[in-house]
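Here's the letter readout for the chains.
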Amino acid sequence: RRFNFQVSTVMADSAYRRESGDGSFDGASKPMSIFDLFCSICCCKTASSKTEILLQENVGNLERKQYTVMFGQCPKGLGIRIESALQGPCVSRVAGQRWNKLGENDKILSINNENCVDCSPEVVQFLFMNLYETNEGIFELERGVETFKVGIRREKGGFGFDFKKSSENSNYVVCNAIHTQQSNDVQIGDKILSINDIDAGMINIDDLQSMLDTPGNKTKLVIERCVQCD
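This report concerns the structure included in the present document. (Residues numbered from 1 in each chain as written. Predicted model: local features only at pLDDT ≥ 70, side-chain atom pairs only at ≥ 80, totals over all residues. Heavy atoms only, no water.)

1. What about the overall build of the chain?
Then step 1. Tallying secondary structure elements over the chain gives 4 helices and 12 strands in all.
Then step 2. Approximately 14100 Å² of the chain is accessible, and the part contributed by carbon and sulfur atoms is 51%. (Helix = DSSP H or I, 4+ residues; strand = E, 2+ residues; numbered from the N terminus. Areas by Shrake-Rupley, 256 points an atom, 1.4 Å probe, with all protein chains shown as cover.)

Have a look at this one:
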C-alpha cells in the first residue's frame, strides 16, 4: 500500500510538471519504469519548487487596483452579468457599454469633490497633480443640461486628455481634446467590491444581479482588477 501511494503521488506531480512546462497535458502517458520512478522522486522537489518560483514571478508583475464606474439612468439595466467566484462576485459578461464617459467640451464642475467652477486652469492643474498619488479621479461634469460623474483612471501616459478655459463661459474649465479614452469601464473578470456604496460581498448573488438589471437607476460600481505594474 505504501509503495502504491508513492507511485500515484509521483505520477500526479510528473503530470503537473508536464502541464506547466509546455502548456499541454498528456493523459495517455506510458507507465513509469522503476528507473523513471526513482528519478522522479529525486527530481520532484526541485521541479515543483521551480514551478512555484515561476508562478510567483508572474503574479509579481500584476497588482490589484480599484476603479469607480459611474452609470447614468439605463432604461435596460447595466447590461452586466455576474457569477459567484471564490474571490467574490465577478463579471462574466458585458452586454453593452452603458457607463458614463468623458467627452470633449464637457465642463469640469469638480474633481474628487474639489470645486472647479470659477477656478483658473492652473488650479485645475494643481488638482491633477494631487491625483497622481492615486490611480483615478472622480469628475463631476456638465454636458448640455445634464450633470453626471465619470471615473477617470490614470495610465502611464497620464489621464489621456487636456483642458482649457471655456470660450463660451469663462467661469468653466472644459475638456479640450481626448487623446486616449481612459474613462473607467467594466471588463470580464472584474471583481465587484460595492454597488452604490453597499458591500457586494454582503449581498446574495441573485439579489446583486437583480440590482444590476433594474432599469432607470443611477449606479456607482467599485471594481477591482489585476493590471500590469507601472
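Having seen it, we continue.
2. Let's talk about the environment of Gln209
Then step 1. Along the chain, Gln209 falls in helix α4 (residues 205–213).
Then step 2. Under the relative-accessibility criterion, Gln209 is labelled buried at 8%.
Then step 3. Each C-alpha atom of the pair Gln209 and Arg81 lies 6.9 Å from the other, and the pair is 128 residues apart in sequence.
Then step 4. In this structure Gln209 touches Ile80, Arg81 and Ile82, once residues within four positions along its chain are discounted. (Buried < 20%, exposed > 50% of the residue type's maximum accessible area, 1.4 Å probe, protein only. Contact = heavy atoms within 4.5 Å.)

3. A look at the pattern of salt bridges
Then step 1. By the definition in use, this model includes 9 salt bridges.
Then step 2. Between Asp185 and Arg153 there is a salt bridge; the shortest N-O distance is 3.7 Å. Placement of the pair is Asp185 in the loop between β9 (173–178) and β10 (191–195) and Arg153 in strand β7 (residues 146–153), with a sequence separation of 32 residues. Exposure class is identical for Asp185 and Arg153. Each is buried.
Then step 3. Among the salt bridges present, the one from Arg225 reaches Asp190, with a minimum N-O distance of 2.8 Å. You can see Arg225 sitting in strand β12 (residues 219–228) and its partner Asp190 sitting in the loop between β9 and β10, a full 35 residues away along the chain.
Then step 4. On the basis of relative accessible area, Arg225 is assigned to the buried category, the value being 11%. (Salt bridge = Lys/Arg side-chain N within 4 Å of Asp/Glu carboxyl O.)

4. Some details on the packing of aromatic side chains
Then step 1. Here the structure, examined in full by the defined rule, presents 6 aromatic pairs.
Then step 2. Measuring from centroid to centroid gives 5.6 Å for Phe128 and Phe159, while their planes differ by 80 degrees, and the two rings are edge-to-face. With Phe128 in helix α3 (residues 121–131) and Phe159 in the loop between β7 and β8 (161–165), this pair connects stretches of sequence that are 31 residues apart. Judged on exposure class, the residue Phe128 and its partner Phe159 are both buried.
Then step 3. Grouping aromatic residues by their ring pairs yields a cluster made of Phe128, Phe139, Phe159, Phe161 and Phe163.
Then step 4. Stacked on the ring of Tyr172, the Lys or Arg Lys107 has its end atom at 4.6 Å from the ring centre. (Phe/Tyr/Trp six-rings, centres within 6.5 Å; stacked < 30°, edge-to-face > 60°. Lys NZ or Arg CZ within 6 Å of the ring centre and 35° of its normal.)

The analysis is restricted to geometry; functional conclusions fall outside its scope.
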